[in-house]
Amino acid sequence: IIEDIPSMPIALQVIEVRQEKKYCTHCSKVVTASSELALPKTAMWLNTTIKSVYMCVNLCLPYTRITSYLNTFFGQKVSTAGLASHMVMVAKIMKSVYEEILEDVKLGQRIHADESGWRVNGKLWWLWVFGNVDSAFYTIDNSRGSDVVKKILGEVFGGVLVIDGWKAYLFLICKKQSCMAHLLRKIRKFHFAF
């Protein structure tokens, strides 16, 4: 058995969608029928949206690379500005899901938390993650301080917080556990010191 992906470029599908517009006499607005093939007021189909979000979020590709990929392999011409505004629209649509994930993380009996450097316009910001067995919540902030932890988890947490020992987490009222990797590293340092 030999598996392969389809040869490139894959032909771009262009489908005409006719949407009726009606004038509402009650609210005096023009109402347009919605389509299930694309997000409202866009010409970007759902498959393109899903692929673009995947490349942006999971693969951390910049908009320039995503637009180049869409153009090279699918002949789809999307500007970086158009893609950026599309991503903002997707983010607004997904805001309630984002908030649900945070609530799910907060309900966990054990949360693992960490932060890592993240570049935003060439400047150092921080990618924070808070996760339990079922969910992970990510946020990017220009601060690496306790204000971010306070904003995400509050001041009191009923479960166990697993951390690497960074001081930003120490103010939080909860049981704390050092992560195993950092604990082993400290043990090795202690062992080699004697």
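Residues numbered from 1 in each chain as written. Predicted model: local features only at pLDDT ≥ 70, side-chain atom pairs only at ≥ 80, totals over all residues. Heavy atoms only, no water.

## Regarding the nonpolar core
Okay, so step 1: Trp128, Phe130, Leu153, Leu161 and Tyr169 are the most contacted members of the largest nonpolar core, which has 19 residues in total.
Okay, so step 2: Every element with two or more residues in this core is listed here: α4 (95-106), β3 (110-120), β4 (123-131), α5 (146-153) and β6 (156-163).
Okay, so step 3: Considering every element that reaches this core, the biggest residue donor is α5, with four residues.
Okay, so step 4: Dropping the residues within four chain positions of it, Tyr169 is found in contact with Ala113, Asp114, Glu115, Trp128, Phe130, Val149, Leu161, Ile163, Asp164 and Lys176.
Okay, so step 5: Among the nonpolar cores identified, the runner-up in size contains eight residues, and Met44, Val78, Leu83 and Met87 belong to it. (Core = buried A, V, L, I, M, F, W, Y, C linked by side-chain atoms within 4.5 Å. Buried < 20%, exposed > 50% of the residue type's maximum accessible area, 1.4 Å probe, protein only. Helix = DSSP H or I, 4+ residues; strand = E, 2+ residues; numbered from the N terminus. Contact = heavy atoms within 4.5 Å.)

## Points about the packing of helix α1 (residues 46-57) against helix α3 (residues 80-93)
Okay, so step 1: In the contact formed by α1 and α3, the axes pass within 11 Å of each other and the chain directions differ by 95 degrees. Our classification of the angle between α1 and α3 gives roughly perpendicular. Contact with α1, carried on its side by Thr49, Ser52, Val53 and Cys56, involves Leu83, His86, Met87 and Val90 of α3 and no other residues of that element.
Okay, so step 2: Broken down by class, the residue content of the contact of α1 with α3 amounts to five nonpolar, three polar and no charged. (Axes fitted to C-alpha atoms, helices over the stretch in contact; angles between N-to-C directions. Parallel < 35°, antiparallel > 145°, perpendicular 65-115°, else oblique. Nonpolar A, V, L, I, M, F, W, Y, C, P; charged D, E, K, R; others polar.)

## Remarks on unusual backbone geometry
Okay, so step 1: Residues other than glycine seldom take positive phi values, yet Cys60 does so here, at roughly 55 degrees.
Okay, so step 2: When you line up the elements, Cys60 lands in the loop between α1 and α2 (63-74).
Okay, so step 3: Given a relative accessible area of 45%, Cys60 falls into the partly exposed group.
Okay, so step 4: Within the chain, Asn121 stands out as a residue other than glycine whose phi angle is a positive 50 degrees.
Okay, so step 5: As for its position among the elements, Asn121 is in the loop between β3 and β4.
Okay, so step 6: Residue classification places Asn121 among the exposed residues on the basis of a relative accessible area of 78%.

## Examining the confidence of the model for the chain
Okay, so step 1: Per-residue pLDDT for the chain averages 87, and the proportion of residues at 70 or more is 94%.
Okay, so step 2: Considering each helix and strand of the chain separately, the mean pLDDT is smallest for strand β2 (residues 29-32), with a value of 77, and largest for β4, with 95. (pLDDT = per-residue confidence, 0-100.)

## Here we look at the environment of Trp126
Okay, so step 1: Note on placement: Trp126 falls in strand β4.
Okay, so step 2: In the structure, Trp126 is positioned 22 residues away from Val148 in sequence and 10 Å away in space, judged by C-alpha atoms.

## Overview of the packing of aromatic side chains
To describe a pair of aromatic rings, one takes the distance between the centres and the angle between the planes.
Okay, so step 1: In total, this model carries six aromatic pairs according to the counting rule given.
Okay, so step 2: Each ring, one from Tyr69 and one from Phe74, has its centre 5.6 Å from the other, and the planes form 75 degrees; the classification is edge-to-face.
Okay, so step 3: Residue classification places Tyr69 among the partly exposed residues on the basis of a relative accessible area of 24%.
Okay, so step 4: Residue Phe74 is classed as buried on the basis of its relative accessible area, which comes to 15%.
Okay, so step 5: Taken together, the ring pairs in this structure connect Tyr69, Phe73 and Phe74 into an aromatic cluster.
Okay, so step 6: Between the NZ or CZ atom of Arg144 and the centre of the ring of Trp166, over which it lies, the distance is 3.8 Å.
Okay, so step 7: The cationic tip of Lys150 hangs over the ring face of Phe171; the distance from NZ or CZ to the ring centre is 5.0 Å. (Phe/Tyr/Trp six-rings, centres within 6.5 Å; stacked < 30°, edge-to-face > 60°. Lys NZ or Arg CZ within 6 Å of the ring centre and 35° of its normal.)

## Considering the side chain of Ser135
Okay, so step 1: Here Ser135 is to be found in the loop between β4 and β5 (136-141).
Okay, so step 2: Within polar-contact distance, the side chain of Ser135 engages the side chain of Asp104 at 2.2 Å.
Okay, so step 3: Among residues more than four places away in sequence, those in contact with Ser135 are Ile101, Asp104, Val105 and Phe130. (Polar contact = N/O pair within 3.5 Å; in protein donor to acceptor, adjacent residues only side chain to side chain.)

## Digging into α5
Okay, so step 1: Of the residues making up α5, those classed as buried are Val148, Val149, Ile152 and Leu153. Taken end-on, α5 shows its buried residues confined to a sector of 100 degrees, consistent with a single buried face.
Okay, so step 2: In this structure, the buried side of α5 is in contact with α4, β3, β4, β5 and β6.
Okay, so step 3: Where α5 ends, the next residue or the one after it, Gly154, has phi of about 85 degrees, a positive value. (Arc of directions from axis to C-beta.)

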